[in-house]
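If you want the building blocks of each chain, they are given just below.
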Amino acid sequence: MSKTATAATAAQANQGRMVAIITMFFIFAMISFVTNMAAPFGNIWGFRYEWAGMAGNLMNFTAYLFMGIPAGNMLIKYGYKKTALIALAVGAIGLGIQLLSGNLGGGEMALYVYLLGALVCGFCVCMLNTVVSPLHNLLGGGGNKGNQLIQTGGTLNSLAGTLTPMLVGMLVGTLTKETTMAEVAPLVITGIVIFVLAFIIISFIKIQEPQANLAKVKYEHSPLSFRHCLLGVIAIFFYVGIEIGIPGEMNAWISRMSFEGAAAVAGSLAALYWLMMLIGRFLSSIISGKISTRTQMVTVSSVAIILVLTAIFLPESITFKSPEFKALNITSGEVPLKCLFLFLCGLCTSVMWGGIFNLATEGLGKYTAKASGIFMTMVVGGGIMPFIQDYIARSTGDYISSYWLIVAMLAYILFYSFTGSKNVNTDIPVDEEVPDARDL
């Protein structure tokens with residue numbers, strides 16, 4: 001083959017790789033958009049039914065328990081593109097069901113329809129999550145470079161997460177028992193439109209499947225045979241509980257305060273948490289090529305523990321004025337300074353998903369896809385742990401006391417980052433038997 005032909009082939013492969021990366025970045029944003037609707041939407045139902053505040057979030061993440069492993073199998077059988085298209089179609093249906101609940105008033109029937117929609121949306125984001133993380137890791141060639149791509153995609157994920165609670169707060173303003181899902185219909189419709197457009201765009205994009213041959217690979221072991229993967233699965237369970245629980249409970253706490261526009265202020269503070277995640281992921285995407293994942297993880301888990309403990313022990317009487325966003329009709333409110341330390345935790349949690357996934361799948365080779373399905377199953381922690389945290393808050397009548405659960409989970413993340421993530425099962429053969437994603 002001539003040098004010119006070789007160069008042309010390499011250029012085409014590079015172009016295909018870049019299209020795949022950009023497509024996955026776009027899907028990363030959609031995951032956060034759908035997921036972060038659950039907590040502020042739950043506040044609407046929580047005013048009518050106390051137990052329902054985190055119920056939508058629970059349903060959203062319970063879907064991972066049932067869909068995680070099937071989603072990993074879909075990845076192997078159908079590939080990244082088809083799995084993404086199926087997920088986008090399911091997401092549009094799920095949001096459509098939630099939109100329907102807004103037309104049924106605020107009764108129990110409407111609540112159950114909403115919860116069904118939240119469950120269906122959970123199936124969607126589970127499949128999307130199964131696609132983006134392993135593909136980013138593979139396209140980056142694993143290691144620190146793989147983590148760098150995951151963190152870059154996570155930056156867009158956090159941007160969508162920043163805007164979602166803020167927009168819900170703007171549409172709702174002040175929560176009352178008369179508030180229904182109809183008031184956030186514009187946001188739900190926007191989500192449906194985005195899913196449909198994404199489906200059309202991705203339909204026309206050619207994505208080479210770096211794991212297309214995995215269906216023929218023989219698996220002599222389970223990914224859980226690797227100690228660092230098993231402990232990483234537990235770490236993911238706790239991490240997602242931390243990520244959702246910190247802003248979710250803060251949103252519920254501030255929303256129930258007595259000043260005018262409390263829900264809007266709560267939404268803006270939750271948005272600041274996701275903005276901190278955006279900043280953290282952006283910074284991590286810059287430094288991840290030079291600073292190891294383990295070093296980053298030990299640092300952020302330690303700092304997060306310090307921030308949450310500060311928030312717990314700081315007197316509630318010390319307050320500050322929350323930011324005002326006139327363009328979004330969000331006024332300022334007097335809120336406890338504790339909230340400042342809670343939303344700053346976003347800087348720390350920002351790198352944990354990519355970091356844990358990167359550490360837990362390092363050296364797994366052909367077991368990576370199956371491990372991804374198991375990881376998606378454990379994302380159910382984002383529903384279970386915040387639900388437990390909310391129960392603690394309601395049963396004690398003290399929202400901030402529920403954050404001791406967050407401290408305990410962060411302590412496990414610190415243990416995993418420091419020593420639990422070391423691969424001690426180097427004797428298990430992991431031959432890839434699949435094309436290297438860097439050759440795409």
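For every chain, the first residue of the written sequence is number 1, and numbering continues from 1 onward in sequence order. Given that this is a predicted model, residues contribute local features only at a pLDDT of at least 70 and side-chain atom pairs are listed and counted only at 80 or more, while totals for whole chains, interfaces and linings are drawn from all residues. In computing side-chain values, all of the structure's heavy atoms are included and hydrogens and water are not.

**What to know about the overall build of the protein**
- Each helix is a run of DSSP H or I of at least 4 residues and each strand a run of E of at least 2, with the numbering of both proceeding from the N terminus. Helix and strand counts for the protein stand at 15 helices and 2 strands.
- The buried share of the protein, taken over its 440 residues, is 60%.
- Where accessible areas are quoted, they stem from the Shrake-Rupley method and a 1.4 Å probe; at the residue level, only the protein chains shown are allowed to cover. Split by element, the accessible area of the protein, about 16,700 Å² in all, is 67% carbon and sulfur. For the exposure calls, accessible area comes from a 1.4 Å probe over protein chains only, and a residue counts as buried if that area is under 20% of its type's maximum, exposed if over 50%, partly exposed in between.

**Focus on the nonpolar core**
- Residues belong to one nonpolar core when they are buried, are Ala, Val, Leu, Ile, Met, Phe, Trp, Tyr or Cys, and are joined through side-chain atoms within 4.5 Å. Counting residues in each nonpolar core, the largest one holds 117 residues, and the members touching the most others are Phe195, Ile254, Leu269, Ile356, Phe375 and Tyr403.
- Any two residues whose heavy atoms approach within 4.5 Å at even a single point are treated as in contact. Beyond its immediate stretch of four places on either side in the chain, Phe195 contacts Met30, Val34, Leu88, Gly91, Ala92, Leu95, Cys124 and Leu128.

**Focus: the pattern of salt bridges**
- Whenever a carboxyl oxygen of Asp or Glu lies within 4 Å of a side-chain nitrogen of Lys or Arg, that contact is scored as a salt bridge. Taken as a whole and judged by the stated rule, the model has 2 salt bridges.
- One salt bridge connects Lys321 with Glu334, and the closest N-O pair in it is separated by 3.8 Å. Here the residue Lys321 occupies a position in strand E1 (residues 319-321), and Glu334 occupies one in strand E2 (residues 334-336), the gap between them amounting to 13 residues.
- Residue class for Lys321 comes out exposed when judged on its relative accessible area of 56%.
- Ionic pairing is found between Arg394 and Asp390, a salt bridge with its closest N-O pair at 3.1 Å. In this pair, Arg394 and Asp390 both sit in helix H14 (residues 381-396), 4 residues apart, roughly one turn of the helix.
- For Asp390, a relative accessible area of 6% puts it in the buried group.

**Considerations on the packing of aromatic side chains**
- Put simply, two rings from Phe, Tyr or Trp (the six-membered ring, in Trp's case) pair if the centres are within 6.5 Å, and we call them stacked under 30 degrees between planes, edge-to-face over 60, tilted for the rest. Evaluation of the coordinates by the stated rule reveals 8 aromatic pairs.
- Each ring, one from Phe238 and one from Tyr412, has its centre 5.5 Å from the other, and the planes form 70°; the classification is edge-to-face. Taken as a pair, Phe238 in helix H7 (residues 227-255) and Tyr412 in helix H15 (residues 403-420) lie far apart in primary sequence, 174 residues in all.
- A ring pair is formed by Tyr239 and Trp353, whose centres lie 6.5 Å apart and whose planes are at 45°; its orientation type is tilted. Taken together, the positions of Tyr239 in helix H7 and Trp353 in helix H12 (residues 352-361) put the pair 114 residues apart, joining distant regions of the chain. The same class applies to Tyr239 as to Trp353, namely buried.

**What about the packing of H7 against helix H13 (residues 368-378)?**
- For helices, the fitted line uses only the C-alpha atoms of the stretch in contact; every axis is such a line through C-alpha atoms, and the angle between N-to-C directions lies from 0 to 180 degrees. Across the interface, H7 lies against H13 with an axial gap of 8 Å and an inter-helix angle of 30°. The angle between H7 and H13 places the two elements in the roughly parallel class. The hand of the H7/H13 crossing is right-handed. In contact with Cys229, Gly232, Val233, Ile236 and Phe237 of H7, H13 contributes Ala371, Ile374, Phe375 and Met378. For classification, angles of less than 35 degrees are called roughly parallel, those exceeding 145 degrees roughly antiparallel, those between 65 and 115 degrees roughly perpendicular, and all remaining angles oblique. By definition, any crossing whose near helix is turned counterclockwise from its far helix by less than a right angle is left-handed, and any crossing with a clockwise turn is right-handed.

**Description of the confidence of the model for the protein**
- Confidence of the predictor in every single residue is expressed as pLDDT, which spans 0 to 100. Scored by pLDDT, the protein comes out at a mean of 79, with 79% of its residues at no less than 70.
- For the protein, per-element mean pLDDT is lowest for helix H1 (residues 3-35), which scores 66, and highest for H15, which scores 95.

**Observations concerning a nonpolar patch on the surface**
- What goes into a patch is any residue over 30% in relative accessible area without a salt bridge, connected to like charges within 9 Å or, for nonpolar side chains (Val, Leu, Ile, Met, Phe, Trp, Tyr), within 5 Å. On the surface, a cluster of nonpolar side chains totalling about 760 Å² of accessible area is made up of Ile189, Val193, Val196, Leu197, Phe199, Ile200, Ile201 and Phe204.
- The class for Leu197 is partly exposed, based on a relative accessible area of 46%.

**Some thoughts on H15**
- Compared with the 26 Å implied by 1.5 Å per residue over 18 residues, the 24 Å span of H15 between its first and last C-alpha is a close match.
- When H15 is considered as a whole, its buried residues turn out to be Tyr403, Leu405, Ile406, Val407, Met409, Leu410, Tyr412, Ile413, Tyr416, Ser417 and Gly420.
- Next to the buried residues of H15 lie H7, helix H9 (293-313), helix H10 (338-344), H12 and H14. Working rule for helices: expected span equals 1.5 Å times residues minus one.

**Quick notes on the environment of Ile44**
- As for its position among the elements, Ile44 is in helix H2 (residues 38-46).
- C-alpha of Ile44 to C-alpha of Glu183: the two residues are 139 residues apart in sequence and 9.8 Å apart in space.

**Thoughts on the side chain of Thr349**
- Topologically, Thr349 is positioned in helix H11 (residues 346-349).
- Reaching out from Thr349, the side chain makes a polar contact with the side chain of Tyr273 at a distance of 2.9 Å.
- Setting aside anything within four residues of it in sequence, one finds Thr349 in contact with Tyr239, Ile242, Ile246, Tyr273 and Met277. Any pair of N or O atoms that falls within 3.5 Å is considered a polar contact. Within protein, one atom must be able to donate a hydrogen and the other to accept it, and sequence-neighbouring residues count only if both atoms are side-chain atoms.

**Description of helix H3 (residues 55-101)**
- The end-to-end C-alpha separation of H3 is 15 Å, well short of the 69 Å expected for 47 residues at 1.5 Å each.
- Remark: the principal bend of H3, roughly 115°, maps to Gly79. Bend, in this description, refers to the angle at a residue between axes fitted to the seven residues ending there and the seven starting there.

**Brief notes about the packing of H9 against H15**
- In contact at an axis separation of 9 Å, H9 and H15 are set at 160° when each is read in the N-to-C sense. The angle between the axes of H9 and H15 places the two elements in the roughly antiparallel class. Note on packing geometry: the crossing formed by H9 with H15 is left-handed. Here Arg294, Met297, Val298, Ser301, Ser302, Ala304, Ile305, Val308, Leu309, Ile312 and Phe313 of H9 lie close against H15, whose contacting residues are Tyr403, Trp404, Ile406, Val407, Leu410, Ala411, Ile413, Leu414, Ser417 and Phe418.
- When its residues are assigned to classes, the contact of H9 with H15 shows 17 nonpolar, 3 polar and 1 charged. Residues were grouped as follows: Ala, Val, Leu, Ile, Met, Phe, Trp, Tyr, Cys and Pro as nonpolar; Asp, Glu, Lys and Arg as charged; and all remaining residues, including Gly, as polar.

**Concerning the environment of Ala262**
- For Ala262, the location among the structural elements is in helix H8 (residues 262-287).
- Owing to a relative accessible area of 1%, Ala262 belongs among the buried residues under this scheme.
- Between the C-alpha atom of Ala262 and that of Asn251, which follows or precedes it by 11 residues, the distance is 9.5 Å.

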